[in-house]
Amino acid sequence: MDDSQSRASIDPLAAAHTAEHVLSAVMQRDFGTGRSLETHLSAKKSKCDYRVKRPLGEADVRSIEAAVNAEIARDLLVTSFVVDRAEAESHYDMGKVPEGAEAIRIVRIGDLDIMPCVGSHVERTSELGRFVIRSATMKSDRVVRIRYALMPGEHIETAALCDEEPQVLSFDIEISDVFELGVGEDFETYAPFHISVAATVVREGDEVLWYSENEDGSPALNIMRQRARELLEYLSRMQDAGYMVCAWNGLGFDLRWIGHNAGDMRTAAKVARRIYDPMFQFFNQRGFPVGLSAVAEGLGIGQTKLMSGADAPVAWRVGHHERVMDYVVGDCRMTNEIVMAIQRAGCIRWVASQGRVKSEPMERLKTAEEVIQDPGPDQGWMDRPIDKASFYSWFPE
Ligand SMILES: [Zn+2]
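Since this is a predicted model, take the numbers as computed values, not measurements.

### Side note on the overall build of the protein chain
A count of helical and extended segments in the protein chain gives twelve helices and 13 strands. Each principal axis of the C-alpha atoms in the protein chain carries an extent, and together these give about 80 × 50 × 40 Å.

### Digging into the nonpolar core
By size, the foremost hydrophobic cluster in this structure holds 96 residues, and its most contacted members are Ala198 and Ile258. No fewer than three residues from each of domain 1 (3-151) and domain 2 (168-375 + 382-391) sit in this core. Residues within four places of Ile258 in sequence aside, it is in contact with Ile173, Ile195, Ala228, Leu231, Leu232 and Ala268.

### Comments concerning the domain arrangement of the protein chain
When the domains of the protein chain are assigned, the result is domain 1 (3-151) and domain 2 (168-375 + 382-391). Taking the mean C-alpha position of each, domain 1 and domain 2 sit 36 Å from one another. Listed per partner, the contact involves seven residues of domain 1 and eight residues of domain 2. The dominant element in the side of domain 1 that touches domain 2, judged by the number of residues it contributes, is helix α3 (residues 58-73), at six residues. Classifying every residue of the side of domain 1 that touches domain 2 gives four nonpolar, one polar and two charged.

### Here we look at the confidence of the model for the protein chain
Predicted coordinates in regions of low pLDDT should not be interpreted in detail. Of all residues in the protein chain, 94% have pLDDT values of 70 or greater, and the mean over the chain is 90. Of all the helices and strands in the protein chain, helix α1 (residues 3-8) carries the lowest mean pLDDT, 45, while helix α8 (residues 278-286) carries the highest, 98. Throughout residues 1-7 the model reports pLDDT below 50, and contacts reaching past four residues in sequence, or to other chains, amount to three contacts. Note that pLDDT drops below 50 for residues 158-163; the model gives that stretch 15 contacts with residues more than four away or on any other chain.

### Quick word on the sheet that holds strand β3 (residues 78-84)
As summarised here, the arrangement of the three strands in space is β3-β4-β5, forming an open sheet in which the pairing is antiparallel. What marks the edges here is a single partner per strand, and that holds for β3 and β5 (113-116). Shown here is a sheet whose adjacent strand axes are inclined to one another by a mean of 20 degrees, direction ignored. Summarising the sheet, strand β4 (residues 103-109) and β5 pair through four bridges and their orientation is antiparallel. Across the sheet, residue Arg108 finds its bridge partner in β5, namely Ile114. Of the strands in this sheet, β3, β4 and β5 touch helix α2 (residues 12-31), which is tilted by about 115 degrees from β5.

### Comments concerning the sheet that holds strand β2 (residues 46-51)
In a beta sheet, neighbouring strands are held together by backbone hydrogen bonds and run either parallel or antiparallel to one another. Across the sheet, which stays open at both edges, the four strands sit in the order β1-β2-β7-β6 with antiparallel pairing between neighbours. Among the strands making up the open sheet, the edge pair consists of β1 (39-40) and β6 (130-140). As defined by bridge partners, β6 adjoins strand β7 (residues 143-151) across nine bridges and the pair is classed as antiparallel. What sits directly across from Val132, in β7, is Ala149.

Cut-offs applied
- Residues numbered from 1 in each chain as written.
- Predicted model: local features only at pLDDT ≥ 70, side-chain atom pairs only at ≥ 80, totals over all residues.
- Helix = DSSP H or I, 4+ residues; strand = E, 2+ residues; numbered from the N terminus.
- Core = buried A, V, L, I, M, F, W, Y, C linked by C-beta atoms within 7 Å.
- Buried ≥ 20, exposed ≤ 12 C-beta atoms within 10 Å, placed from the backbone.
- Domains from an automatic or database assignment.
- Contact = placed C-beta atoms within 7 Å.
- Nonpolar A, V, L, I, M, F, W, Y, C, P; charged D, E, K, R; others polar.
- pLDDT = per-residue confidence, 0-100.
- Pairing = 2+ DSSP bridges.
- Axes fitted to C-alpha atoms, helices over the stretch in contact; angles between N-to-C directions.

Set out below in structure tokens:
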């Protein structure tokens, strides 16, 4: 049987129902919900309600969608077996099993989901096609209603599973702390830093700003702990979903201060080990750091920085929020393009102080963890070398 025949034979209701299993497993795993409270399935559009711990935003919705599609693309097998009631009660969630049923059918979806169910299912998750969330509305502040549809036969471009280039997501933070850096003075003298606003930008995709609001709805001076946590969770989930999560100096700077503002250095370190930080990789090869705009220029990326990093705290404090937001989003877009350009060219190029364009081979981008494990740079020729370990000395333990 070829592909088109097997697709034609798929029962759309079985597909919608199997998708509900996958969605519920993702909601349980990533958002700590129970199974769906109420569901309504149809061939065209289905809806499920979940009890959540906090209202979900647009970024949450897109990450749920990405996580479900990642599971679908793993092509998990759907299998079933029958156990007696006593055994089922001791192992599985019996919430929806009617009383009196003695032989209980257990449905397993790969390593993702296992639960009692009498419904009909597809045989493998890849048969579902692309999963699309049409809307997610808060029915109350603790119940979200997700409406979804399936696009059977549509190819899922999930980074982890395709031969194609993974999707790139860059993030960046701005701080609100104002200080004048003396000549030769270490930036770290002025730590700890407070985040005013952060941005996450999926290349050719979603752009999200992360900040907190005052009671009157205006942007607050600093991000609140809860919002910083949401940012950290989002980055972690996007990594799980196969996105190539990148940041310029994100290991030594951004994730350290996201972790600090979220009060969760452990999760920050976990995310940090998995990011791609071309600046840290460059440092580990050459022994000195390089600026984002020098690299953008060297690689011929026609984007200029919209302000200087040092001006952002002042601009934020005097109420030029939009300018700072544009700036932080702009730097994320620039990082995305730099990542693409490095991968295409197999090298990184930058404009050195004399205005000359220099080049350094970079055949592939590595995770921060890989770079940490790589041998350190040759710094024998330098007067005051920066210590490699200073980029990750903030990791707990
Ligand atoms: Zn089922």
